[in-house]
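Chains, contacts and geometry: an overview
For reference, the chains in residue letters:
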Amino acid sequence: MLLLAAAFIVAFVLLLYMVSPLISPKPLKLPGAHVVVTGGSSGIGKCIAIECYKQGAFITLIARDENKLLQTKKEIEKYSVNDKQVVLCISVDVSKDYELVENVLKQAQEKLGPVDLLVNCAGTSVTGKFEDIEVTSFERLMGVNYLGSVYPSRAVISTMKERRMGRIVFVSSQAGQLGLFGYTAYSPTKFALRGLAEALQMEVKPYNIYITVAYPPDTDTPGFAEESKTKPLETKLISETSSVCQAEQVARVIVKDAIQGNFNSSVGSDGYMLSILTSGMSPVTSITEGLQQVVCMGIFRIFGLFYLGSFDSIVRRCMMQREKSESADKTE
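Residues numbered from 1 in each chain as written. Predicted model: local features only at pLDDT ≥ 70, side-chain atom pairs only at ≥ 80, totals over all residues. Heavy atoms only, no water.

**Observations concerning the side chain of Gln-85**
- As for its position among the elements, Gln-85 is in the loop between helix 3 (66-77) and strand 3 (87-91).
- A relative accessible area of 8% places Gln-85 in the buried class.
- Here Val-81 takes part through its backbone nitrogen, which lies 2.7 Å from a polar atom of the side chain of Gln-85.
- The residues contacting Gln-85, other than those within four sequence positions of it, are Tyr-53, Gly-56, Ala-57, Phe-58 and Ser-80. (Helix = DSSP H or I, 4+ residues; strand = E, 2+ residues; numbered from the N terminus. Buried < 20%, exposed > 50% of the residue type's maximum accessible area, 1.4 Å probe, protein only. Polar contact = N/O pair within 3.5 Å; in protein donor to acceptor, adjacent residues only side chain to side chain. Contact = heavy atoms within 4.5 Å.)

Next comes the structure, spelled out in structure tokens:
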């Protein structure tokens with residue numbers, strides 16, 4: 001009886017693997033495609049642009065700093081695979097004025113053709129205890145990290161629907177899957193991207209448009225280095241429980257998942273576990289992905305509780321040390 005049950009399970013899994021490719025989206029071909037990357041002058045955005053350029057894509061880079069853009073343009077052009085490729089640079093703040101963002105993207109499409117892949121990578125971070133963060137920082141981060149992704153996506157979605165093809169990537173963060181000490185201003189903006197992505201995917205899937213939400217871990221970028229300068233002690237200690245990834249590695253994973261039309265994009269074992277744990281009602285690209293979530297969620301929840309317990313322990317320990325230090329200062 002056990003052998004029969006085992007055989008049935010094996011046969012069922014094999015059937016899923018056979019059927020899975022039939023329901024998965026057709027991969028996007030990057031050679032000759034027009035890829036737009038916001039926040040593309042440095043960090044993960046720049047590495048994504050380089051990865052796409054290596055595969056023959058035409059690139060539009062969007063960022064605020066024109067000097068950085070021009071410098072990045074020269075760096076990307078070293079990886080050309082043919083003499084027809086173009087790197088177009090546009091200096092604009094994607095979070096301030098929707099009409100301006102719409103106009104510059106129209107100009108980009110007039111020069112390089114309709115957008116096949118939009119990567120929303122523009123973002124910033126502020127860390128600190130909730131009561132220590134300026135109220136204006138909450139407003140600014142929501143503008144840059146959330147509206148800075150809404151505006152470019154809104155500007156290209158109609159054309160993608162008309163063509164019945166396209167990919168849109170929202171670069172969130174593991175802090176958009178799990179709220180952590182010190183990220184009360186940052187995490188909500190990255191959580192918001194997932195809500196946007198899930199609702200938008202349901203709207204555009206009939207038009208053969210697929211959304212990807214990327215959840216990179218701590219990544220060695222200029223932005224991460226700047227953020228680390230102001231991290232509370234608790235945040236630093238929690239961050240030490242995971243390793244820092246290279247931007248090139250993260251970019252390769254994001255580009256691969258976007259091409260395949262995968263909704264979730266994660267890096268490493270921690271990222272895989274978090275994606276399973278937080279899958280909830282998110283879309284799946286294949287039957288096998290859904291099966292993995294069903295099978296692994298309970299087991300990963302046990303590991304997740306262990307991590308949460310260790311994080312809470314770090315916070316309590318730091319609080320007690322701080323209180324002891326304050327008491328010692330008062331008695332002196």
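**Notes on the environment of Tyr-146**
- Position of Tyr-146 relative to the elements: it lies in helix 5 (residues 135-163).
- In this structure, the C-alpha to C-alpha distance between Tyr-146 and Asn-120, residues 26 residues apart in sequence, is 9.6 Å.
- When sequence neighbours within four positions are dropped, the list of residues in contact with Tyr-146 reads Leu-141, Thr-189, Ala-192, Leu-193 and Leu-196.

**Describing the pairing of strand 4 (residues 117-120)**
- Because side chains alternate across strand 4, one face comprises the buried residues Leu-117 and Val-119, and the other comprises Leu-118 and Asn-120, equally buried.
- Relative to strand 4, strand 1 (residues 34-38) runs parallel, the two being bridged by four bridges. Paired with Val-35 across the strands is Leu-117, a residue of strand 4.
- In terms of strand pairing, strand 4 meets strand 5 (residues 166-171) through four bridges, oriented parallel. Pairing of Leu-117 across the sheet is with Arg-167, part of strand 5. (Pairing = 2+ DSSP bridges.)

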